[in-house]
Amino acid sequence: MANRYTWASTIVLTGMLFLTACSGKKMTKVTPPTAPAPVAPTATLSASPNVIQQGQATTLTWQTTGATEIAIAGLGTVSASGSRSLAPNSTQTYTLTASGGGGTTEARAMVTVNPKAAAAAAAAPSDGATLAKNLKDVFFDFNVAALRSDEVPVAQNDAHLLAQHPEVSVLIEGHCDDRGSEEYNLALGVSRASAVKTALVQQGLDPARIKTVSYGKEKPFCTQEDESCWQQNRRDHFVVQP
């Protein structure tokens, strides 16, 4: 009898343990995944062309994603993407604001508006020789082809003078100081002349009116071996061609 009771107790105990284990598994909690954070909107805004004369038009083009509210300052609410033709009378910076659940994003586009040539006709040089005297050389830092920040207004003023004489073409001569090889300086002169040509074209001049040539270090304006002289030779010089 004792054996029967022992086996019965063992079976009952084993069943209880099994049920307890199964019950424990059923009580396991599953944590739901965390929802992804909202993504910030994207926005682009561009103007083409971005340099115009007064009276000319430019086209604003924009593209956004993930935004529920889109507006351009001065134009009001706009669609998620599109374009619009504008003719501002003065230089403007347009700002697009795109807002959504993920925040706010801004994009900007600047349009430079140059005054009409007729507005300054009274002060325009009367002939090619006078124009040549009024065109200013553009100077460069050592071993650099990019325009210096203080020379950008000089190039812009040269562009305005040339805009008053559409019948005149110019040759831009690239010059360097005498340090470095002839081949290196000829290449540097090409880059400097091209940089000023690009600046003139960005101001609205016809690129067909502008030719470039490099003299490297072959035609120095100053022949002393010191920095005060070298900096005079690092320049782009204009030659007026009727």
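Just above, that's the structure.
Residues numbered from 1 in each chain as written. Predicted model: local features only at pLDDT ≥ 70, side-chain atom pairs only at ≥ 80, totals over all residues. Heavy atoms only, no water.

Digging into the sheet that holds strand E9 (residues 138-139)
Link 1 in the chain: An order of E9-E12-E10-E11 is seen for the four strands of this open sheet, with the pairing classed as mixed. Strands with a single pairing partner mark the edges of an open sheet, and in this sheet they are E9 and strand E11 (210-216).
Link 2 in the chain: By the bridge criterion, six bridges tie strand E10 (residues 169-175) to E11 in an arrangement that is parallel. Counted as the bridge partner of Glu173 is Val213 from E11.
Link 3 in the chain: Strands E9, E10, E11 and strand E12 (235-241) of the sheet are contacted by helix H4 (residues 182-202), whose axis makes an angle of about 155° with E11. (Pairing = 2+ DSSP bridges. Helix = DSSP H or I, 4+ residues; strand = E, 2+ residues; numbered from the N terminus. Contact = heavy atoms within 4.5 Å. Axes fitted to C-alpha atoms, helices over the stretch in contact; angles between N-to-C directions.)

Quick word on the environment of Gln53
Link 1 in the chain: By secondary structure assignment, the location of Gln53 is in strand E2 (residues 51-53).
Link 2 in the chain: Considered as a pair, Gln53 and Pro88 are 35 residues apart in the sequence and their alpha carbons are 9.5 Å apart.
Link 3 in the chain: The contact partners of Gln53, leaving out residues within four places of it in the chain, are Val113, Asn114, Pro115, Gln203 and Gly204.

Quick notes on helix H3 (residues 152-163)
Link 1 in the chain: Between the first and last C-alpha of H3 there are 17 Å, a value that for twelve residues agrees with the 16 Å anticipated at 1.5 Å per step.
Link 2 in the chain: Turning to H3, its buried residues are Ala155, Asp158, Ala159, Leu161 and Leu162. Mapping the buried residues of H3 onto a view down its axis gives an arc of 160°, with all of them on the same face. (Expected span 1.5 Å × (residues − 1). Buried < 20%, exposed > 50% of the residue type's maximum accessible area, 1.4 Å probe, protein only. Arc of directions from axis to C-beta.)

Notes on the sheet that holds strand E6 (residues 81-86)
Note: strands within a sheet are paired through backbone hydrogen bonds, in either parallel or antiparallel orientation.
Link 1 in the chain: Reading across from one edge, E1-E3-E6 is the order of the three strands in this open sheet, with antiparallel pairing throughout. The open sheet has two edge strands with one neighbour each: strand E1 (42-48) and E6. For this sheet the average axis-to-axis angle between neighbouring strands, irrespective of direction, equals 15°.
Link 2 in the chain: Pairing geometry for E1 and strand E3 (residues 58-65), over seven bridges, is antiparallel.

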